[in-house]
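What follows is the residue order along each chain.
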Amino acid sequence: MRMLVTGAAGFIGSNFVRWRLATSDDEIVILDALTYAGNLSTIRDLLDGGRVSFVHGDICDRGAVLGAIEGCATVVHFAAESHVDRSIVGPDEFVRTNCLGTNVMCDVARQVGVERFLHVSTDEVYGSIAEGAFRETDPLGPRSPYSASKAGSDMIALAYRETHGLPVVVTRCSNNYGPWQYPEKVIPLFVTNLVDGRKVPLYGEGANIRDWLHVEDHCRGIGVVLADGGLGEVYNIGGGTELTNLDLTRLVLDGMGVGEDMIERVADRLGHDFRYAVDTAKLEKLGWKPQVDFADGLSATIHWYRANEWWWRPLKGA
């Protein structure tokens, strides 16, 4: 099968391509605009094996999308602006990429008649929840420009299913961690800061709670939904590891062999959601469960960043 994967020069998309190459005989086309969070160094080794091709293009550009999608039976749509802090200071690009870009992707996929279109989203579209966990049928309550633009993109994709019969499925994941993640996100930011002997910035009291999902478990979940997910359906993918930001920070500090004197308290993020949690029962009925133990996954992730300064140091320097 020939598959188009958007945004695969970034964190989750590149990990998905690596996982897919190892578990299938697919040929994969990567479409990526190579914005700051996507770069060829992440995927250069993938382009040498003959099964992956790269198209440099913007998902808002119909011509680029048409050229990349030719001959592809399946689309996995990762490409998005994804950093909440950036969305607070510069929301326009988030609405453009996440909403307009998803509309272009869906419309072109409709025109060429793809067999399946998987739209990758986030648990942040549900908003914050004090207790329990969000189900796929719960109303959306996004609280940042980023999550609002992702909620919009979800609705756009699902509307193409209702209006045009586009074979859409949507996944919503919790916080991912693992190798190849751009060093503005919390775990790689903290690890790389500590490698350089710099303190780690912790928002407020660090009481906000997130559920952590190893990127490999996320990729497996997407694979299950691609194979067996119902068209027009939404599937939550969560790691089942809830931690306060302070607890996560302490685990990273411990993994790096340093103490809490390396924490720098910073002003809390505007509109900071307190807790995210998703119910994954629907996906588990298809046979998926997270397999990577968080302690093992975090240790491996810390080791990866310590061993791969060649990759992250130029990005952080820029």
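Computed from a predicted model, the values in this text were never measured in an experiment.

## With respect to the pattern of salt bridges
Piece 1. For the structure shown, the criterion picks out 18 salt bridges.
Piece 2. A salt bridge links Arg2 to Glu27; its shortest N-O distance comes to 3.5 Å. Separated by 25 residues along the polypeptide, Arg2 in strand β1 (residues 2-6) and Glu27 in strand β2 (residues 27-32) bring together distant segments of the chain.
Piece 3. Judged by relative accessible area, which is 41%, Glu27 ranks as partly exposed.

## Side note on the packing of aromatic side chains
Piece 1. Counted under the stated rule, the structure contains twelve aromatic pairs.
Piece 2. Seen in terms of ring centroids, Phe16 and Phe78 are 5.6 Å apart; in terms of plane orientation they differ by 50 degrees. Their pairing is tilted. Note that Phe16 is positioned in helix α1 (residues 11-23) and Phe78 in the loop between β4 (74-77) and α3 (84-89), a separation of 62 residues in sequence.
Piece 3. The class of Phe78 is buried, set by a relative accessible area of 11%.
Piece 4. Pairing Trp180 with Trp311 gives two aromatic rings, centres 5.6 Å apart and planes at 85 degrees, and the pair type is edge-to-face.

## Comments concerning empty space enclosed by the protein
Piece 1. If you walk through the whole model with that rule in mind, you get two cavities of 30 Å³ or more.
Piece 2. Put simply, the second largest cavity is a space of about 50 Å³.
Piece 3. Taken together, Tyr177, Trp212, Leu213, His214, Asp217, Gly239, Thr241, Pro290, Val292 and Phe294 make up the lining of the second largest cavity.
Piece 4. Here the lining of the second largest cavity gets three residues from one element, more than from any other, and that element is strand β9 (residues 209-214).

## Here's the deal with the sheet that holds β9
Piece 1. The sheet built from three strands is open, its strands ordered β7-β9-β11 with mixed pairing. Bordering the open sheet on either side are β7 (175-177) and β11 (242-244), each of which pairs with just one other strand. The sheet shows a mean angle of 45 degrees between the axes of neighbouring strands, direction not considered.
Piece 2. Of the strand pairs in this sheet, β9 and β11 are connected by three bridges, and their pairing is antiparallel. Opposite Asp211, over in β11, you have Glu242 as the bridge partner.
Piece 3. Those strands touched by helix α7 (residues 215-228) are β7 and β9, and its axis lies near 70 degrees from that of β9.
Piece 4. Its contacts with the sheet put helix α8 (residues 245-256) on β9 and β11, and the angle it makes with β11 is roughly 90 degrees.

Rules and cut-offs
In this convention, every chain numbers its residues from 1, walking through the sequence in written order. Note on the predicted model: pLDDT of at least 70 is required for a residue's local features to be given, and 80 or more for side-chain atom pairs to be given and counted; whole-chain, interface and lining totals, by contrast, use all residues. Hydrogens and water molecules were not included; the side-chain quantities draw on all heavy atoms of the structure. Here, a salt bridge means any Lys or Arg side-chain nitrogen found within 4 Å of an Asp or Glu carboxyl oxygen. Numbering of helices and strands runs from the N terminus, with a helix taken as a DSSP run of H or I at least four residues long and a strand as a DSSP run of E at least two residues long. Relative accessibility decides the category of a residue: with a 1.4 Å probe and only protein chains considered, values under 20% of the type maximum give buried, values over 50% give exposed, and everything between is partly exposed. Centres within 6.5 Å are what make two rings of Phe, Tyr or Trp a pair, Trp counting through its six-membered ring; a difference in plane orientation under 30 degrees is then read as stacked, over 60 as edge-to-face, and the rest as tilted. Using a grid of 1 Å spacing that covers the protein atoms alone, one calls a set of points a cavity when a 1.4 Å probe fits there but cannot get out, and a pocket when the set is open and has protein on both sides within 12 Å along at least five of seven lines; lining residues are those with an atom within 4 Å of a point. Grid points are joined across faces, edges and corners, and a volume is the space filled by probe spheres set on the points. Strand pairing follows a simple DSSP-based rule, namely that at least 2 bridges must link the two strands. Note on method: axes are straight lines fitted to C-alpha atoms, helices fitted across the in-contact stretch only, with angles between N-to-C directions ranging 0 to 180 degrees. Note on contacts: a residue pair qualifies if any of its non-hydrogen atoms lie within 4.5 Å across the two residues.

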